[in-house]
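Here are the chains, one letter per residue:
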Amino acid sequence: MFFQLDDEQQAIQETVARFAREQVAPHAAEWDEQERFPSELVKPMAELGLMGMTIPEEYGGVGFSKLTAALAYETLAQADLSPMIWLAVHNMAAGIIARFGDTSQRQRYLPGMATGALLGAFSLSEAGAGSDPVGLRATARREDDEYVLNGTKMWVTSGNVADVIIVMARTSDKPGGAGISSFIVEKGMPGFSVGKVERKMGLHASPTAELIFDECRIPATQRIGEEGQGLRIALSALDGGRINVGAGATGVAQAALTIARDYARERKQFGQHIADFQAIQFMLADMAMQIDAARLLVYRAAWLLDERGTATKEAAEAKCFATDSAMRITTDAVQILGGAGYVRDWPLERFMRDIKVTQIFEGTNQIQRIVIARALLKD
Ligand SMILES: Cc1cc2nc3c(=O)[nH]c(=O)nc-3n(C[C@H](O)[C@H](O)[C@H](O)COP(=O)(O)OP(=O)(O)OC[C@H]3O[C@@H](n4cnc5c(N)ncnc54)[C@H](O)[C@@H]3O)c2cc1C
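Quantities reported herein were computed from a predicted structural model and do not represent experimental measurements.

With that settled, the discussion passes to the overall build of the protein chain. In terms of regular secondary structure, the protein chain is built from 13 helices and 10 strands. For a compact globule of 379 residues, the expected C-alpha radius of gyration is about 21 Å, and the protein chain comes in at 21 Å, within 12% of that figure. With the principal axes as the frame, the protein chain shows a C-alpha extent of 80 × 50 × 40 Å. When the 379 residues of the protein chain are sorted by exposure, 49% land in the buried category. Taking the contacts inside the protein chain whose residues are at least 6 apart along the sequence as the reference set, 75% of them involve residues at least 24 apart.

See the structure below:
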C-alpha cells in the first residue's frame, strides 16, 4: 500500500487548483445567479489539457489515468461543481468516441474536442427511462445509408450548448439492451432541436436540456459500434463516471469544511469562539472523517479501474458514500454558519443546492446500493 501521488499528479493538482482559485471561484456565485453556462472557461481548460483527458495524444488529448482525472475533478469542484460536471460529461463523450469510434469518427471529432472547439454531451435518459435505460423509446430507423431519428431525450447535460452528442436510440424491438444503438449527432443536423432547458435547484452553471428528434436524418456512418451495442457502449463509461462524481462531491465537501472551520474560529457567541464548543468540534470532526473516507474510496476505485479496467462495486461504493457524505457535510457546514450559511453572501447554500443532484445522477444512490448488493450476493 503506497499513498503517495507521483510528481505529475501533484503538478496537475496544483495547476488545476490555481486555475480554479483564479478563474472559477471568483465568478461561481454570479454564474449561479445568472443560471449561465460559462463558455469562457472552455479555452483555458483546453489549454490545461482538461478537455482532452480521455483523448489519446495522437488526437491532441492528454490521456489522463482515471486517478489523475479524479484528482483534477476533485480540485476543480472545490471552486464550483457545475463546470466540473459538464467537463466530465464532455470527456465521457470524447472517451466513447476514442474507445468505440472508427478511425474517421476519431479524426473528425477528437482533435476539435481536445481544443474545446467542439463540446461533447451524452444522451441516454428519457422521460420514461432513467434508472432503467432499457425502457428508452427514441428510435433510429435505417433507410439506405441513413438513420432517421425520432423521439425526445431528457436531462442532457450541456444539451443546449453541445456540438457533438452521443445519443442512444432503439434500432429494433429486441428485448433488453439488444435493440439499442449509439449515434453521434451534431448540432444543427436537420430535424434535431433543443427543447426545454430545465430550471434546477442547483448546478446552475451546468445547463440541462431536452433534445427533440423529428425525422432527423443522419448518415449511417454516424453510428458508433454495431447495431445493438449502444447500451453496452453507454454503460461502459459508468464506472469512470461514478468515480468522477464521487471525486467532485469530495471536492465540494472539502471546500465546505474549510469555510465552516475558518468561520468557527472567527465567530464569537457567549463570549467565546464557536469553535470552542464541543458540539461544533464534533461536527467538524465528523466532516473531516467522512471526507477522508470518501477520498480514499474514490482514489481506490480510480486506481483499480486503471489497473484492471473494471471496478464496478468499488466505483458504486465511492460514488454513493462520497455523495451521501457531501450532502451531510454541506448541510452541517450551513448549520455551523447559522443564518450566514443560509444566505448568498457565502457559497455554502450553493454547495448544498448543487450537491443534491450528485445523489441522483450517474445512477441514483439507491441504484448504487443495488449494484453493491448484487456484487456481494453473487458469490
Ligand atoms: C442535473 C441532471 C443532469 C443529468 N445529466 C444527464 C446526462 O447528461 N445524460 C443522461 O443521459 N442523463 C442525465 N441525467 C439523468 C439522470 O441520470 C437520471 O435523472 C437518473 O438516472 C435517475 O432517473 P430518473 O430521474 O428518471 O429517476 P427514476 O429512475 O424515476 O427514480 C425515481 C426514484 O426511484 C428510485 N428507484 C428507481 N428504480 C429503483 C429500484 N430498482 N430500486 C430502488 N429504487 C429505485 C430512484 O432511486 C429514485 O429515488 C441528469 C439528471 C439531472 C437531474
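Moving on from the model shown.
In contact at an axis separation of 9 Å, helix 8 (residues 238-266) and helix 9 (residues 278-308) are set at 155° when each is read in the N-to-C sense. Taken together, the axis directions place helix 8 and helix 9 in an arrangement best described as roughly antiparallel. Where helix 8 crosses over helix 9, the handedness of that crossing is left-handed. Each of Asp239, Gly240, Ile243, Gly246, Ala247, Thr250, Ala253, Gln254, Leu257, Ala260, Arg261 and Ala264 in helix 8 lies in contact with helix 9, whose residues at this interface are Ile280, Leu284, Met287, Ala288, Ile291, Ala294, Arg295, Leu297, Val298, Ala301, Ala302 and Leu305. The class makeup of the residues in the contact of helix 8 with helix 9 is 17 nonpolar, 4 polar and 3 charged.

If you check the shell around the ligand, you find 21 residues, and the closest are Gly130, Ser131, Thr157, Thr364 and Gln366. Residue assignment for the shell around the ligand shows that the elements contributing at least two residues are strand 1 (120-123), strand 3 (146-157) and helix 13 (365-377). Here the shell around the ligand is built from residues that sort into 11 nonpolar, 9 polar and 1 charged. Both of domain 2 (121-226) and domain 3 (237-377) provide at least three residues apiece to the shell around the ligand.

Here Gly101 lies in the loop between helix 5 (81-100) and helix 6 (103-115). Given 21 C-beta atoms within a 10 Å radius, Gly101 is considered buried. Placed 253 residues apart in sequence, Gly101 and Asp354 show a C-alpha to C-alpha distance of 33 Å. Beyond its immediate chain neighbours, meaning those up to four positions away, Gly101 contacts Arg106 and Ile224.

One widely used convention gives an interface's size as the accessible area the parts lose upon coming together. We note that the domain assignment places domain 1 (7-119), domain 2 (121-226) and domain 3 (237-377) within the protein chain. Of the residues lining the interface, 22 residues belong to domain 1; the matching set on domain 3 comes to 23 residues. Secondary structure elements with two or more residues in the side of domain 1 that touches domain 3: helix 2 (28-34), helix 4 (66-77) and helix 5. For the side of domain 1 that touches domain 3, the element with the most residues is helix 4, which contributes 9 residues. Of the residues in the side of domain 1 that touches domain 3, the class split is 14 nonpolar, 5 polar and 3 charged.

On to the packing of helix 5 against helix 8, then. At their nearest, the axes of helix 5 and helix 8 sit 10 Å apart, and the two run at 165° to each other. With respect to helix 8, the axis of helix 5 lies roughly antiparallel. Handedness of the helix 5/helix 8 crossing: right-handed. Taking contact as the criterion, the partners of Leu81, Met84, Ile85, Ala88 and Met92 in helix 5 are, on helix 8, Gly241, Asn244, Gly248 and Val252. When grouped by side-chain class, the residues that make up the contact of helix 5 with helix 8 number 6 nonpolar, 3 polar and no charged.

Let us now look at the nonpolar core. Ranked by internal contacts, the top residues of the largest apolar core, which has 120 residues, are Ala70, Ala93, Val252, Ala256, Val298 and Ala301. With 14 residues, helix 5 is the largest single contributor of residues to this core.

A word on unusual backbone geometry. Backbone geometry places Ser158, a non-glycine residue, at a positive phi of 65°. Relative to the helices and strands, Ser158 is located in the loop between strand 3 and strand 4 (164-170). Exposure remark for Ser158: the 23 C-beta atoms within 10 Å place this residue in the buried category.

Our focus in this paragraph is the environment of Ala140. For Ala140, the location among the structural elements is in strand 2 (residues 139-143). For the pair Ala140 and Ile218, spaced 78 residues apart in sequence, the C-alpha to C-alpha distance is 9.5 Å. When residues no more than four places from it in sequence are discounted, the contact partners of Ala140 are Tyr147, Leu149, Ala169, Arg170, Thr171, Ser181 and Phe183.

This part covers the pairing of strand 7 (residues 208-219). Two strands pair when backbone bridges link them, and strand 3 and strand 7 are joined in this way by 9 bridges, in the antiparallel orientation. By the bridge assignment for strand 7, Val156 is matched with Ala209. Sheet topology note: the strand 6 (residues 192-197)/strand 7 ladder contains 4 bridges and is antiparallel. Bridge pairing links Phe192 to Phe213 in strand 7.

Turning our attention to the environment of Gly241. In this structure, Gly241 sits in helix 8. Once the C-alpha coordinates of Gly241 and Glu362 are considered, the two residues, 121 residues apart in sequence, prove to be 6.8 Å apart. Every residue in contact with Gly241, bar those within four places of it in the chain, is listed here: Ala88, Met92 and Glu362.

Thresholds, definitions, all that
- Position numbers for residues count from 1 along each chain, tracking the sequence in the order it is written.
- With the structure being a predicted model, the display of local features is reserved for residues of pLDDT at least 70 and the display and counting of side-chain atom pairs for 80 or more, all residues being used for whole-chain, interface and lining totals.
- In this text, helices come from DSSP runs of H or I with a minimum length of four residues, and strands from runs of E with a minimum of two, each type numbered from the N-terminal end.
- The atom set for the radius of gyration is the C-alpha atoms, and the globule formula is 2.2 Å times the number of residues raised to the power 0.38.
- Three exposure classes are used, based on other C-beta atoms lying within 10 Å of a residue's own C-beta, which is placed from the backbone: buried for 20 or more, exposed for 12 or fewer, and partly exposed in between.
- Residues are scored as being in contact if the C-beta atoms we place from backbone atoms lie within 7 Å.
- Angles here are taken between N-to-C directions and fall from 0 to 180 degrees, while the axes themselves are lines fitted to C-alpha atoms, restricted in helices to the stretch in contact.
- Angular relationships are summarised with four words: roughly parallel below 35 degrees, roughly antiparallel beyond 145, roughly perpendicular across 65 to 115, and oblique for the angles in between.
- The crossing is said to be left-handed when, going from far helix to near helix, the turn is anticlockwise and less than a right angle, and right-handed when the turn is clockwise.
- When residues are grouped by polarity, Ala, Val, Leu, Ile, Met, Phe, Trp, Tyr, Cys and Pro land in nonpolar, Asp, Glu, Lys and Arg in charged, and all others, Gly among them, in polar.
- Nearness here has a simple definition: the residue's C-beta atom, placed using the backbone, must lie within 6 Å of the molecule or strand.
- Domain delimitation in this document rests on an assignment produced automatically or drawn from a domain database.
- Nonpolar cores are built from buried Ala, Val, Leu, Ile, Met, Phe, Trp, Tyr and Cys residues. These are joined into a set through C-beta atoms within 7 Å.
- When DSSP finds two or more bridges between two strands, those strands count as paired.

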